[in-house]
Amino acid sequence: MDLSGRVAIVTGSGRGIGRAIALKLAGLGATVVINDIGDASPAESVVEEIRAMKGQSMVVLADVSSSSDVERMVEETVAAFGKVDILVNNAGITRDHLLMRMSDEDWDKVMSVNLKSVFLCTRAVLNHMIKQRWGRIVSISSIVGVVGNAGQSNYASAKAAIIGFTKSIAKEVGSRGITVNAIAPGFISTQMTQGLKEDWIQEIQKRIPVGSLGTPQDVANAVAFLASEEARYITGHVLNVDGGMGGL
Ligand code: NAP
């Protein structure tokens, strides 16, 4: 796969899965915009790694749940690199509680950062992609959006909605050379899963046919394929990257 000449935006790419996706796309030749919220230093270090590979990259700090921030992120990308070819909707958060203890704020925050962001970022890049008749949109859902999870009704709802959004937009823009797909990771070792108790992780591992948690690189490899020319005939698809969990 060769992504030379492509320009990608990866949201929430200062650390975790987003960072691995950014490095993978850059390794295949893409110019990558590193987006994060708050502290710029993790994002700057991803940019340094990409520049060390002789790639092009820059940081755009933006809250992906804010319409004006997202518009600015896409404008800055086009101003710096001339276009946007690939959007990876990766930024996400958890605010886990059993439903009886879930506040309005826990619900709204997860819906904004995990779902509204996908709508805002996709809408902001689409006219650029339609004009050039080429684009790749890959959104990071979760296996939890497919099978559900106690204590994560807000997160699972947002991740399930990403799937409906993906299938709908794939139908809207399929004739314009733009593919729209989602990836549903299982349990991946990142800061998001580091908070889980050790005995719970061991319990999860017993339910994963492959026998271990996934790595951010496992997800990044799947994103790279869906972002490539080789995946031109795949759209509206949800790809599980979960060691077989989703089939349980
Ligand atoms: P992570 O380590 O917590 O990283 C999330 C990234 O998103 C951070 O860089 C964070 O920035 C950024 N972010 C949070 N809110 C943002 C906002 N409003 N605007 C812009 N950036 C924002 O998470 P991860 O485990 O890599 O997860 C990445 C994606 O994969 C998420 O969508 C998650 O739901 C999904 N996923 C993860 C797993 C898993 O097991 N880890 C499984 C399935 C799906 P800060 O560092 O500034 O907070």
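In what follows, the accompanying structure is described.

Rules used in this analysis
Residues numbered from 1 in each chain as written. Predicted model: local features only at pLDDT ≥ 70, side-chain atom pairs only at ≥ 80, totals over all residues. Heavy atoms only, no water. Helix = DSSP H or I, 4+ residues; strand = E, 2+ residues; numbered from the N terminus. Expected span 1.5 Å × (residues − 1). Bend = angle between axes of the 7 residues up to and from the residue. Phe/Tyr/Trp six-rings, centres within 6.5 Å; stacked < 30°, edge-to-face > 60°. Lys NZ or Arg CZ within 6 Å of the ring centre and 35° of its normal. Contact = heavy atoms within 4.5 Å.

A closer look at helix H4 (residues 104–132)
Phase 1 of the analysis: The end-to-end C-alpha separation of H4 is 41 Å, in line with the 42 Å expected for 29 residues at 1.5 Å each.
Phase 2 of the analysis: The sharpest bend along H4 comes to roughly 40°, located at lysine 116.
Phase 3 of the analysis: Of the residues flanking the end of H4, it is arginine 133, one or two places downstream, whose phi is positive at about 55°.

Quick word on the packing of aromatic side chains
Phase 1 of the analysis: Going through the model one piece at a time under the given rule, you end up with zero aromatic pairs.
Phase 2 of the analysis: Of note, arginine 6 hangs over the ring of tryptophan 134, and the distance from its end group to the ring centre comes to 3.5 Å.
Phase 3 of the analysis: Between the NZ or CZ atom of arginine 136 and the centre of the ring of tryptophan 134, over which it lies, the distance is 4.2 Å.

Things to note about the environment of isoleucine 163
Phase 1 of the analysis: Looking at the secondary structure, you find isoleucine 163 in helix H6 (residues 153–173).
Phase 2 of the analysis: For the pair isoleucine 163 and serine 139, spaced 24 residues apart in sequence, the C-alpha separation works out to 8.6 Å.
Phase 3 of the analysis: Setting aside chain neighbours within four positions, we find isoleucine 163 in contact with Ser141, Val146 and Val238.

Things to note about helix H3 (residues 67–81)
Phase 1 of the analysis: Relative to the 21 Å expected for 15 residues at 1.5 Å per residue, H3 spans 21 Å between its end C-alpha atoms, a close match to the ideal helical length.
Phase 2 of the analysis: Where H3 is buried, its residues meet strand S1 (7–10), strand S2 (31–36), strand S3 (57–61) and H4.
Phase 3 of the analysis: In the stretch just after H3, glycine 82 is the one whose phi turns positive, near 90°.

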